[in-house]
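Listed below are the residues making up each chain.
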Amino acid sequence: MYKVFGRRPEQAAKALASGASREQVRAQGATAAVIDASFEVAPGEIFVVMGLSGSGKSTLIRMLNGLWRPTAGTVEIDGIDISKMRPKQLRELRQRKVSMVFQHFALLPHRTVLDNAAYPLEVKGEPTAVRRQKAREALAMVGLEGWEESLPSQLSGGMQQRVGLARAFAAGTDVLLMDEAFSALDPLIRRDMQTQLLELQSRLGKTIVFITHDLNEAMRVGDHIAVMRDGRIVQIGTAEEILTDPANDYVAQFVADVDRTRVLTASSIMEPPVATIGVGGGPRAAAKTMRENQISALFVLGRDRTLAGVVREGPTSEALRHGESSLSSLLDHDIVKIGPDTPVADLFAPAAETPVPLAVVDDDDKLLGVIPRVTLLAALGNGSEEPVPLDDPPPGFDPTASVSVDREGDADVSA
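Residues numbered from 1 in each chain as written. Predicted model: local features only at pLDDT ≥ 70, side-chain atom pairs only at ≥ 80, totals over all residues. Heavy atoms only, no water.

**Q** Got a sec to walk through the pattern of salt bridges? Specific residues and values, please.
**A** Following the criterion strictly, the structure yields 15 salt bridges and no others. In this structure, arginine 111 engages glutamate 122 in a salt bridge whose closest nitrogen and oxygen atoms are separated by 2.7 Å. Of this pair, arginine 111 sits in the loop between β6 (98–101) and α5 (113–124) while glutamate 122 sits in helix α5, and the two are 11 residues apart along the sequence. Classification of glutamate 122 as partly exposed rests on a relative accessible area of 30%. With a closest N to O distance of 2.2 Å, glutamate 318 and arginine 321 form a salt bridge. Within this pair, glutamate 318 and its partner arginine 321 are both found in helix α15 (residues 313–321), separated by 3 residues, close to a single helical turn. Linked by salt bridges that have partners in common, Asp78, Lys97 and Asp174 make up one network. (Salt bridge = Lys/Arg side-chain N within 4 Å of Asp/Glu carboxyl O. Helix = DSSP H or I, 4+ residues; strand = E, 2+ residues; numbered from the N terminus. Buried < 20%, exposed > 50% of the residue type's maximum accessible area, 1.4 Å probe, protein only.)

**Q** How would you sum up unusual backbone geometry? Please name residues and give values.
**A** For aspartate 36, which is not glycine, the phi dihedral falls at a positive 50°. Structurally, aspartate 36 can be placed in the loop between β2 (30–34) and β3 (46–50). The phi torsion at aspartate 230 lies on the positive side, around 50°, for a residue other than glycine. Along the chain, aspartate 230 falls in the loop between β9 (224–229) and β10 (232–237). Since its relative accessible area comes to 41%, aspartate 230 is described here as partly exposed.

**Q** Explain the nonpolar core to me, and be specific about the residues and the numbers.
**A** Nonpolar side chains in soluble globular proteins generally cluster together in the buried interior. By size, the foremost hydrophobic cluster in this structure holds 63 residues, and its most contacted members are Leu165, Met178, Phe210, Met219, Ile225, Leu347 and Ile371. For this core, the element with the highest residue contribution is helix α7 (residues 157–170), accounting for 7 residues. Residues lining this core come from more than one domain, with at least three contributed by each of domain 2 (38–258) and domain 3 (267–380). Beyond its immediate chain neighbours, meaning those up to four positions away, phenylalanine 210 contacts Ile46, Phe47, Val48, Val49, Met178, Phe182, Leu197, Glu217 and Val221. (Core = buried A, V, L, I, M, F, W, Y, C linked by side-chain atoms within 4.5 Å. Domains from an automatic or database assignment. Contact = heavy atoms within 4.5 Å.)

**Q** An account of the packing of helix α6 (residues 128–141) against α7 is needed here, citing residue identities and associated values.
**A** At a minimum axis separation of 8 Å, α6 and α7 run at an interaxial angle of 130°. When the axis of α6 is compared with that of α7, the two are oblique. Remark: the crossing between α6 and α7 carries right-handed chirality. When α6 is examined against α7, the residues Lys134, Ala135, Ala138, Leu139 and Met141 are found in contact with a partner set consisting of Ala166, Phe169 and Ala170. Each residue belonging to the contact of α6 with α7 can be placed in one class, and the counts come to 7 nonpolar, no polar and 1 charged. (Axes fitted to C-alpha atoms, helices over the stretch in contact; angles between N-to-C directions. Parallel < 35°, antiparallel > 145°, perpendicular 65-115°, else oblique. Left-handed = near helix turned anticlockwise from the far one by under 90°. Nonpolar A, V, L, I, M, F, W, Y, C, P; charged D, E, K, R; others polar.)

**Q** Go over the side chain of threonine 354 with me, naming the residues and quoting the values.
**A** Take threonine 354: it is sitting in the loop between α16 (348–352) and β15 (358–361). Among the polar contacts made by the side chain of threonine 354, one reaches the main-chain amide nitrogen of valine 356 at a distance of 3.2 Å. (Polar contact = N/O pair within 3.5 Å; in protein donor to acceptor, adjacent residues only side chain to side chain.)

**Q** How would you summarise empty space enclosed by the protein if you had to cite specific residues and measurements?
**A** This structure, assessed with the given rule, holds 1 cavity of 30 Å³ or more. The space that makes up the largest cavity amounts to roughly 30 Å³. By residue class, the composition of the lining of the largest cavity is 6 nonpolar, 1 polar and 1 charged. (1 Å grid on protein atoms, 1.4 Å probe; cavity = no way out; pocket = protein on both sides within 12 Å on 5 of 7 lines; lining within 4 Å. Points joined across faces, edges and corners; volume = space filled by probe spheres on them.)

**Q** Can you lay out the sheet that holds strand β16 (residues 367–371) for me, pointing to particular residues and giving the numbers?
**A** Taken together, the 3 strands give an open sheet; going across it, the order is β14-β15-β16, and neighbouring strands pair in mixed fashion. Only two strands of the sheet have a single partner each, and these edge strands are β14 (337–338) and β16. As judged from the 2 bridges shared by β14 and β15, these two strands associate in the parallel manner. Looking across to β15, one finds that isoleucine 338 is bridged to valine 360. (Pairing = 2+ DSSP bridges.)

**Q** Please give an account of the domain arrangement of the protein chain that cites residues and values.
**A** For the protein chain, the domain assignment lists domain 1 (1–36), domain 2 (38–258) and domain 3 (267–380). Between the C-alpha centres of domain 2 and domain 3 there is a distance of 44 Å.

Below, the structure is given as structure tokens:
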């Protein structure tokens with residue numbers, strides 16, 4: 001899509017498509033707000049469009065519901081080109097398919113909270129009893145049960161934005177457009193609203209296009225993120241892809257101050273274990289494997305890679321001296337296991353509790369990978385050689401600690 005304002009917009013759009021710069025068309029009296037923007041939003045995902053003021057993101061979202069028509073290009077919803085719809089068709093589209101949540105709430109001040117939430121259903125012509133019931137259900141979803149008869153002026157900013165969210169959900173549309181919906185809120189309330197949006201999305205599965213200039217917000221709520229600059233989309237990817245593989249220097253600078261530990265997950269930093277042994281192996285094989293790989297503990301796996309436990313160097317050597325042939329009596333089942341989607345920020349405390357690498361397992365307890373402490377520390381490095389210091393390390397966590405096992409099998413942790 002292209003959106004150009006000013007003189008001869010169609011001619012300017014053609015010039016941009018042929019390689020003209022934004023400055024060149026501006027010199028001809030045209031302002032290019034959106035240039036060659038192409039993307040696809042899958043059903044049920046939150047697609048975030050992120051950029052600084054003037055990047056074109058708000059213009060973009062206004063073309064997604066037909067408020068503005070593209071100068072060139074198309075907008076398709078379920079395969080239907082809305083950019084060619086007549087005004088009446090667009091009004092019907094907004095009633096049936098696309099709802100919008102605005103930055104400044106856009107509530108009707110003289111109507112109650114319930115009537116505000118029910119308003120899109122009133123426009124549709126729904127019977128009073130039906131629309132009030134649906135509005136009550138939507139208000140309950142956003143935590144405003146009991147406030148139905150209040151006026152917007154009696155609510156805090158965060159509560160007013162929840163009314164706007166409830167109004168969008170009550171409309172029952174498949175697509176939800178959110179234009180800087182939380183940017184007018186205080187930081188703590190804003191984070192609460194982000195959490196609530198994610199919780200509601202897990203239940204309702206709406207298709208959401210979310211506009212924001214806040215990178216941390218984009219990283220937190222977005223399944224995919226489009227980064228805009230000067231009207232163009234410069235990169236589309238997951239939060240992890242944009243953070244770890246920025247498309248250019250602009251994106252790299254944009255994400256430089258992001259808290260990586262809140263974006264990266266266990267699956268993104270885990271690595272294959274140095275060595276493992278099958279549950280049918282014996283102490284001799286375990287001792288040999290640990291000696292050859294210079295490790296002091298070994299994960300034991302079942303035939304289907306389920307994690308049975310861990311054996312340690314000291315008890316294994318002792319079992320060999322006593323002629324034992326099975327690992328069953330040596331297995332330590334007290335292992336710290338984590339899921340692949342666990343944020344890196346939540347791994348430091350578990351890492352402090354165990355002298356062996358963290359075990360990343362799936363829902364069936366199958367070993368996916370391991371996270372040694374040194375790997376966890378490297379995840380903080382933000383792509384540089386020097387590690388980023390922890391702002392609030394968990395009690396007892398020492399990222400420089402090393403672990404050795406003495407001949408009796410007692411773990412000794414030293415800095």
